[in-house]
Amino acid sequence: MEPDLHELLRSLRVWDTELPGFEPEEAPEEPLALFTRWFAEAVAAGQTEPHTVSLATSDEAGLPDVRTVMLHGADAEGWAFASHATSRKGRQLAARPYAALGFYWPVQGRQIRLRGPVTVAPPEEGQADLHARSTGALAAALVGHQSEVLSSREELARASEVAWDRAQREPDAPVPTWTLYRLRPEEVEFFQGDARRRHVRLTYRRTDADGWLKELLWP
C-alpha cells in the first residue's frame, strides 16, 4: 500500500522541543559574530551537520536552482563553499556571480539566510582548502565530471577506485577545476522560531564597506 503524502504531512509537528530565546536588542553590530555564536550553539545542541547549507543560484536565463553544499569557512571576506568550476553551479556562478545561502537548524528552530555577490578565491587557496580535507573528499574531486551525464553506476565505481588509489598515493594531487567560492553578503537574516508563531526576524543590511543596518521584520 502506497503511503498517503497528505496524511503524512498532517501528522508532522514542527519544533516539538523547547526553543531558545533571542533578544535582538543584544545582537552584535555585525552578522559574522552572531553567526559564529549561533553556529556554536547549534553544535552544542546536537544539531546534525550544522555546516550543511542550501546554495541557491540562477542560470543564464535567470531560472533558479538550489542544492545542499558544505560550509568551508566564514570570515570578513565572506562565507566559503567549494565545487568544480565545470559543475552546474560553477557554470551558473560564472554566468551570474550572485547567490543565496540558507541554514536551517530545527533543533533550535533557527534559520540564517544570506545573499550577495560571489567571488572566486585564488587557485592556490582552492587547492589548499581541498588538500586540508579528507582523502574521500580529494578522491571525489579527482573523479570529476560533476553534473555530467553518467552512463552507468559501474562506470562511476571504476573511476572512483582509480581516484581513491591516487588520493591515497598523492595526498597533494592537484584538481585544476576545484574552486573555492566566497559569498560576501549584502543582507543576512537571523530567524528564531517561536512556539506561538511570534518568530523573531533580525536582518543586517550592508550600508558600506564595513557598516550594517539592523532591522526587525514581521514574521
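Chemist: How should I be thinking about the pattern of salt bridges in this particular structure?
Modeler: Close approach of charged atoms allows side chains of opposite charge to pair. Throughout the structure, instances matching the rule amount to 14 salt bridges. Between Glu41 and Arg110 there is a salt bridge, and its shortest N-O distance comes to 2.7 Å. Of this pair, Glu41 sits in helix H2 (residues 31-44) while Arg110 sits in strand S6 (residues 110-120), and the two are 69 residues apart along the sequence. Here Glu41 falls in the partly exposed class, since its relative accessible area comes to 30%. Residues Arg88 and Asp65 are paired through a salt bridge, measuring 3.9 Å at the closest nitrogen-oxygen approach. Note that Arg88 is positioned in helix H3 (residues 88-95) and Asp65 in strand S2 (residues 64-70), a separation of 23 residues in sequence. When its relative accessible area of 43% is taken as the criterion, Arg88 is described as partly exposed. Connected through salt bridges with shared partners, the residues Arg115, Glu187, Arg205 and Glu215 form a single ionic network.

Chemist: I would appreciate a short explanation of the side chain of Asp129 in the present structure.
Modeler: On the secondary structure map, Asp129 appears in helix H4 (residues 123-131). One buried charged residue, Asp129, forms no salt bridge at all, with the nearest opposite charge on Arg133 at 5.3 Å. Not counting the four nearest positions on each side in its chain, Asp129 is found in contact with His72, Ala82, Trp178 and Leu180.

Chemist: Teacher, can you tell me more about H2 here?
Modeler: A turn of α-helix holds 3.6 residues, and therefore any two residues three or four places apart point the same way. The terminal C-alpha atoms of H2 lie 20 Å apart, and with 14 residues this matches the ideal 20 Å at 1.5 Å per residue to within 8%. Looking one or two residues beyond H2, the residue adopting positive phi is Gly46, at roughly 85°.

Chemist: I'm lost on the pairing of strand S4 (residues 78-84) in this one. Help?
Modeler: Side-chain positions along a regular strand alternate between the two faces of the sheet. With respect to burial, S4 is a largely interior element, seven of its seven residues being buried. Both strand S3 (residues 73-75) and S4 contribute to a ladder of three bridges, which runs antiparallel. Among the inter-strand pairings, Asp75 is bridged to a residue of S4, identified as Gly78. Here S3 folds back onto S4, and the loop between the two strands holds two residues. Looking at chain direction, S4 and strand S7 (residues 178-183) are connected through six bridges and run antiparallel. Counterpart to Ser83 in the pairing with S7 is Thr179.

Reading the values: rules and limits
Residues numbered from 1 in each chain as written. Predicted model: local features only at pLDDT ≥ 70, side-chain atom pairs only at ≥ 80, totals over all residues. Heavy atoms only, no water. Salt bridge = Lys/Arg side-chain N within 4 Å of Asp/Glu carboxyl O. Helix = DSSP H or I, 4+ residues; strand = E, 2+ residues; numbered from the N terminus. Buried < 20%, exposed > 50% of the residue type's maximum accessible area, 1.4 Å probe, protein only. Lys, Arg positive; Asp, Glu negative; His and termini not counted. Contact = heavy atoms within 4.5 Å. Expected span 1.5 Å × (residues − 1). Pairing = 2+ DSSP bridges.

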